[in-house]
Amino acid sequence: QVQLVESGGGLVQAGGSLRLSCAASGRAFSSYAMGWFRQAPEKEREFVATISKTGGSTYYADSVKGRFTISRDNAKNTVDLQMNSLRSEDTAVYYCAASRSTAPVSLSRLYDYWGQGTQVTVSS
């Protein structure tokens, strides 16, 4: 069992930056690939970024590539999402998730645990 708690969301102007953090409790954090997803109002949840168990591999949605960076610290049981050059279309609730997959995964159905989400609002 893994519990995930996101933090760092807020209101930011377009072009600005935010850093989201996800703290994991439970056992064997380093056994899970981790991912970030987001859901905007009246839209389906979508993949943002994922990172392998060791942090050696990452994968991003095309919409955030070059602007967002996912990282993890297995000693601290955290996974972060650095978001730069934010746009109004990045406004959403952002979710952290953990997957037992051995590789980074972009499919939400392959994730086993989810956080409660943190709101990110980008004003134009």
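What counts, and at which threshold
- Residues numbered from 1 in each chain as written.
- Predicted model: local features only at pLDDT ≥ 70, side-chain atom pairs only at ≥ 80, totals over all residues.
- Heavy atoms only, no water.
- Pairing = 2+ DSSP bridges.
- Helix = DSSP H or I, 4+ residues; strand = E, 2+ residues; numbered from the N terminus.
- Axes fitted to C-alpha atoms, helices over the stretch in contact; angles between N-to-C directions.
- Core = buried A, V, L, I, M, F, W, Y, C linked by side-chain atoms within 4.5 Å.
- Buried < 20%, exposed > 50% of the residue type's maximum accessible area, 1.4 Å probe, protein only.
- Contact = heavy atoms within 4.5 Å.
- Phe/Tyr/Trp six-rings, centres within 6.5 Å; stacked < 30°, edge-to-face > 60°.
- Lys NZ or Arg CZ within 6 Å of the ring centre and 35° of its normal.

With that settled, the discussion passes to the sheet that holds strand β3 (residues 18-26). Each strand in a sheet pairs with its neighbour through backbone hydrogen bonds, running either in the same direction (parallel) or in the opposite one (antiparallel). In space, the four strands of this open sheet follow the order β1-β3-β8-β7, with antiparallel pairing throughout. In the strand order of this sheet, the two ends are held by β1 (2-7) and β7 (68-73), each with one partner. The average undirected angle you get between the axes of adjacent strands in this sheet is 15°. Bridge count between β7 and strand β8 (residues 78-83): six bridges; the pairing is antiparallel. Directly across from Ile70, in β8, lies its bridge partner Leu81.

Leu4, Met34, Trp36, Val79, Leu81, Met83 and Tyr94 are the most contacted members of the largest nonpolar core, which totals 36 residues. Looking at this core, the elements with two or more residues in it are β1, β3, β4 (33-39), β5 (46-51), β7, β8, β9 (92-99) and β11 (118-123). Apart from residues lying up to four places away in sequence, Leu4 is in contact with Cys22, Ala23, Ala24, Met34, Cys96, Ala97, Ala98, Tyr113, Trp114, Gly115 and Gln116.

Turning our eyes to something else, we now look at the environment of Ser7. Tracing the backbone through its elements, the reader meets Ser7 in strand β1. Sequence-wise, Ser7 and Arg67 are 60 residues apart; in three dimensions their C-alpha atoms are separated by 19 Å. Contact partners of Ser7, with chain neighbours within four places excluded, come to Arg19, Leu20, Ser21 and Thr118.

With that out of the way, let us pick up the packing of aromatic side chains. Within the structure shown, the criterion is met by six aromatic pairs. The interplanar angle of 70° and the centroid separation of 5.7 Å between the aromatic rings of Phe37 and Phe47 together place this pair among those described as edge-to-face. Of the two residues, Phe37 is situated in strand β4 and Phe47 in strand β5; the sequence distance between them amounts to 10 residues. Among the residues examined, Phe37 registers a relative accessible area of 1% and is labelled buried. Put simply, the rings of Phe37, Phe47, Tyr59, Tyr111 and Trp114 pair up and form one aromatic cluster. In this structure, Arg45 is placed above the aromatic ring of Trp114, and the distance from its NZ or CZ to the ring centre is 4.5 Å. A cation over a ring is seen here: Arg72 above Phe29, with NZ or CZ 4.5 Å from the ring centre.

For the rest of this paragraph, the subject is the pairing of β11. Burial along β11 is one-sided: Thr118, Val120 and Val122 are buried, and none of Gln119, Thr121 and Ser123, which face the opposite way, are. Of the strand pairs in this sheet, strand β2 (residues 10-13) and β11 are connected by four bridges, and their pairing is parallel. Paired with Leu11 across the strands is Thr121, a residue of β11. In the sheet, β9 pairs with β11 via three bridges, with the strands oriented antiparallel. Within β11, the position partnered with Val93 by the bridge is Gln119.

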